[in-house]
Protein chains: 2
Amino acid sequence: MEHETCREIGTAETLAVLRSLEDAEILIHRSPDGDCIGSGYALYHLLKRFGIRSRVCCADPIPSLYDSITAGVTFEDFPAKMYISADVADRKLFGELPQKDAEIALCIDHHVSNTHYAKLLHWDHNASAACEVLYELMRAHDLPLTREIALCLYIGMATDTGCFQFSNAGAGTFAAVAEIKRQYPDLPYARLNRELFVMKAPGRIALDASLMQNIRISEDGRVALIFASADLLRSLKVTEEDTDGMANLPMQVRGVEVGITVKQKPDGSYRISMRGGDDANVSVIAQHFGGGGHVKASGCSIADGDPEDVCGMLMDVASAMLRGQTEA
Amino acid sequence: MEHETCREIGTAETLAVLRSLEDAEILIHRSPDGDCIGSGYALYHLLKRFGIRSRVCCADPIPSLYDSITAGVTFEDFPAKMYISADVADRKLFGELPQKDAEIALCIDHHVSNTHYAKLLHWDHNASAACEVLYELMRAHDLPLTREIALCLYIGMATDTGCFQFSNAGAGTFAAVAEIKRQYPDLPYARLNRELFVMKAPGRIALDASLMQNIRISEDGRVALIFASADLLRSLKVTEEDTDGMANLPMQVRGVEVGITVKQKPDGSYRISMRGGDDANVSVIAQHFGGGGHVKASGCSIADGDPEDVCGMLMDVASAMLRGQTEA
């Protein structure tokens, strides 16, 4: 819901608002990732330097993956007087936070989909991450990049760009990290990258290996499908959040334009994710099955059916539709 | 072998040497990778702008993975008068190139292990890549970064840093890429990254899945081992070069400090690669088996034995030695 008077502001006014805060809570989104945690904690450190009490609030626990950000930080217990948010595009994304309906004095964000729910909004939807927006704010006003803040901002930008791999990693992102690395050459960048982007829990290793072992690839090599049966997920004790990023697996096969991931739920229904390469539009394929989404990332559901039939049909339809798309 | 009069030179003299070349061959190393191909072709484009004929020479074919660099380039046929090299630490790395014993007028490199085999050497062993050395040379003398050169340099730096993930990706690397992206925001960076770092051939997908499916992890979770039998490699028609990077697989398991990869050769002998995490020194473990290498990447060979026995022994010895290392 749009705030009736939401106003977009630049860096100078944002800085003035930050300096004027008192006993503030910094709200980040549920299922927190490196960018909302990084920008939330960076704001906490910045406010502390301004002599302002604050704390980061999230509906879900911060995963231990981000211990390097949270270690050594203890939030004071105080009744909050004001609320700001970082990396939260929509009020709904606060999740079940008690403060989810509070007035948000300021939102700092980079999502093009921001719903303008805050009173004041400082955003740059061309930035890779909220952490990049925050970096630019600090740079514009010569605020010193402390070691803690540098670490937070690095992790946020690395997370949202897939370790500088995605198309959103722009010149500004690289320039920001260049400056962070220039000032703090000895932060454990490579170790953080391994932990964040390479390492997987043993259960997830087993799941991915099993899925890839049984991957189906169409005759022309352009459609690939993996199927995670309810039995497999149960036997490996894999929870919903453990399957993060699973939908990207079929796209690892060279030449694949449409990657399909079929997850069987305990009730026998199927949740399907689709990913598209340069030439595919998976949104229309998902629409064919009553789903939808983005051109390169979509999804749909299928209520029931024999797994073989469901997977076979998805492969056939996707192959035929892809041929239609690329011959056009 | 050291050139009796090898002299290290700075950017100004290097540029003067480049401008003085005539009908030059640019030698790169065998088993060419993104950095030697990128720096070799960038030099070709630069010399062309100076009005100098040159061509890139490699003992092995350039993999199709680098088509974006080689596309549109046709080398003239001319008898070479001079030789330079890019990203080649040692003359031995020319491989079976007919020119392998020629006098090298200039070498541009970043390997700390450079053997000073050339007459003149322009290097920076703190640079992530030969392409970064070349970028700095061009920047120092305001040479225009053409689109072709920008693409070459990007690919070289991305390759040698594992897409900006490794510890060698320094402030200078990020600043160079920031400038490349600023000047050419529309190069297909994300697609290149996917092709270079994410996508694998179907056979390699099957191999990795099978290896990870059968990964052995020690009870304490700190040693992991994968075993590629000669039968498996044969059945998947996997060649030696198709196993590039295979030794990194066991290190994907969270918590693993020593990753061991055992490859069985057709003659029944074993080639073993070891990788170490933050706390391990795999060089001493490899030495125990008559091998050696670096602290974080070593290898050894075992002449024969039952696969179960060989793998079990490697796991046991590595676990015991790791305990010794980390308790010390």
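Just so you know, these numbers come straight off a predicted model, no measurement behind them.

### Some points on the overall build of chain A
Counting secondary structure elements, chain A contains 11 helices and 12 strands. Within chain A, counting contacts between residues at least 6 apart in sequence, those at least 24 apart form 63% of the total. Summing over all exposed atoms, chain A offers an accessible surface of approximately 14,200 Å²; the carbon and sulfur share of this is 49%. If you average the places of the 31 positive and of the 46 negative side-chain charges in chain A, the two averages end up 4 Å apart.

### Structural notes on the nonpolar core
Buried together is how nonpolar side chains tend to be arranged in soluble globular proteins. In terms of nonpolar packing, the biggest core is built from 118 residues, with A:Leu18, A:Leu153, A:Phe164, B:Leu18, B:Leu153, B:Phe164 and B:Ile180 touching the most fellow members. Membership of the second largest hydrophobic core comes to 23 residues, among which are A:Val262, A:Ile272, A:Ile285 and A:Cys300.

### Notes on the packing of aromatic side chains
Following the criterion strictly, the structure yields 17 aromatic pairs over all chains and no others. Between A:Tyr41 and A:Phe75 the ring centres are 5.5 Å apart and the planes differ by 45°, which places this aromatic pair in the tilted class. Residue A:Tyr41 is found in helix H2 (residues 34–49), and its partner A:Phe75 is found in the loop between helix H3 (67–70) and strand E4 (82–86); the two are separated by 34 residues along the sequence. Among the residues examined, A:Tyr41 registers a relative accessible area of 6% and is labelled buried. Residue classification places A:Phe75 among the partly exposed positions, given a relative accessible area of 26%. Taking the centre distance of 5.8 Å and the plane angle of 50° together, the rings of A:Tyr154 and A:Phe164 count as tilted. Of this pair, A:Tyr154 sits in helix H5 (residues 147–160) while A:Phe164 sits in the loop between H5 and helix H6 (171–183), and the two are 10 residues apart along the sequence. Joined through ring pairs, the aromatic side chains of A:Tyr154, A:Phe164, A:Phe174, A:Tyr189, B:Tyr154, B:Phe164, B:Phe174 and B:Tyr189 make up one cluster.

### What to know about the packing of H2(A) against helix H4 (residues 130–140) of chain A
All names here are of chain A. The interhelical angle for the contact between H2 and H4, taken along N-to-C directions, is 30°, at an axis separation of 8 Å. With respect to H4, the element H2 is oriented roughly parallel. Residues Asp 35, Gly 38, Ser 39, Ala 42, Leu 43 and Leu 46 of H2 lie in contact with H4, whose contacting residues are Ala 130, Cys 131, Leu 134 and Met 138. Across the contact of H2 with H4, the residue classes tally to seven nonpolar, two polar and one charged.

### Regarding the interface of chain B and chain A
Counting from both sides, the interface comprises 37 residues of chain B and, opposite them, 37 residues of chain A. Both sides of the chain B and chain A interface together cover about 3,300 Å² of buried area, and 61% of this is carbon and sulfur. A per-residue breakdown of the area chain B buries against chain A is headed by B:Gln165, B:Phe174 and B:Arg254, which together make up 21% of the total. Across the pair B:Arg194 and A:Asp278 runs a salt bridge, and its minimum N-O distance is 3.0 Å. At the boundary of chain B with chain A, the tally comes to 14 residue pairs in polar contact (both at pLDDT 80 or more). A class-by-class count of the residues in the side of chain B that touches chain A yields 22 nonpolar, seven polar and eight charged.

### A few points about the relation of the copies chain B and chain A
Note on the copies: chain B fits chain A at an RMSD of 0.1 Å, the axial shift is 0.0 Å, and the rotation between them is 180°. On the angle and the small slide along the axis, the relation comes out as a two-fold axis. The C-alpha atom lying nearest the rotation axis in chain B is that of B:Ala209; the distance is 2.2 Å. Comparing contact sets, 100% of the residues at the interface of chain B also lie at the interface in chain A, consistent with an isologous, same-surface contact.

### Quick word on the sheet that holds strand E1 (residues 7–8) of chain A
All names here are of chain A. Strands sit in the order E1-E6-E5-E4-E2-E3 across an open sheet of six strands; the sheet is parallel. Taken across any chain shown, the strands that pair with only one partner, and hence form the sheet edges, are E1 and strand E3 (54–57). Relative to strand E5 (residues 106–109), helix H1 (residues 11–19) is tilted by about 130°, and along the sheet it contacts E1, E4, E5 and strand E6 (120–123). Where H4 meets the sheet, its contacts fall on E5 and E6, and the angle it forms with E5 comes to roughly 110°.

### With respect to the sheet that holds strand E12 (residues 297–302) of chain A
What links the strands of a sheet is backbone hydrogen bonding, and the strands pair in either a parallel or an antiparallel sense. Residues and elements named next belong to chain A. Spatially, the six strands line up as an open sheet ordered E7-E8-E9-E10-E12-E11, and their pairing is mixed. Edge strands, defined here as strands with exactly one partner in the open sheet, are strand E7 (216–217) and strand E11 (292–293). Relative to strand E8 (residues 223–228), E7 is paired through two bridges, and the arrangement is antiparallel. Bridged to Ile 217 within E8 is Ala 224. In this fold helix H11 (residues 307–327) packs onto E7, E8, strand E9 (258–264), strand E10 (270–276) and E12, with an angle of close to 160° to the strand it touches most, E8.

### Description of the domain arrangement of chain A
The domain boundaries assigned to chain A delineate domain 1 (7–196) and domain 2 (202–327). The centre of domain 1 of chain A, based on its C-alpha atoms, is set 33 Å off from the matching centre of domain 2 of chain A.

### As for unusual backbone geometry
Its identity as a non-glycine residue notwithstanding, A:Asp142 has a phi of 50°, on the positive side. Looking at where A:Asp142 falls in the secondary structure, it is placed in the loop between H4 and H5. Not every positive phi belongs to a glycine, and B:Ser31 is a case in point at roughly 45°. Mapped onto the elements, B:Ser31 comes out in the loop between strand E2 (24–27) and helix H2 (34–49). For B:Ser31, a relative accessible area of 56% puts it in the exposed group.

The rules we used
- Residues numbered from 1 in each chain as written.
- Chains lettered and ligands numbered in written order.
- Predicted model: local features only at pLDDT ≥ 70, side-chain atom pairs only at ≥ 80, totals over all residues.
- Heavy atoms only, no water.
- Helix = DSSP H or I, 4+ residues; strand = E, 2+ residues; numbered from the N terminus.
- Contact = heavy atoms within 4.5 Å.
- Areas by Shrake-Rupley, 256 points an atom, 1.4 Å probe, with all protein chains shown as cover.
- Lys, Arg positive; Asp, Glu negative; His and termini not counted.
- Charge placed at Lys NZ, Arg CZ, Asp CG, Glu CD.
- Core = buried A, V, L, I, M, F, W, Y, C linked by side-chain atoms within 4.5 Å.
- Buried < 20%, exposed > 50% of the residue type's maximum accessible area, 1.4 Å probe, protein only.
- Phe/Tyr/Trp six-rings, centres within 6.5 Å; stacked < 30°, edge-to-face > 60°.
- Axes fitted to C-alpha atoms, helices over the stretch in contact; angles between N-to-C directions.
- Parallel < 35°, antiparallel > 145°, perpendicular 65-115°, else oblique.
- Nonpolar A, V, L, I, M, F, W, Y, C, P; charged D, E, K, R; others polar.
- Buried area = accessible area lost by both parts, 1.4 Å probe.
- Salt bridge = Lys/Arg side-chain N within 4 Å of Asp/Glu carboxyl O.
- Polar contact = N/O pair within 3.5 Å; in protein donor to acceptor, adjacent residues only side chain to side chain.
- Least-squares fit on C-alpha atoms with pLDDT ≥ 70 in both.
- Pairing = 2+ DSSP bridges.
- Domains from an automatic or database assignment.

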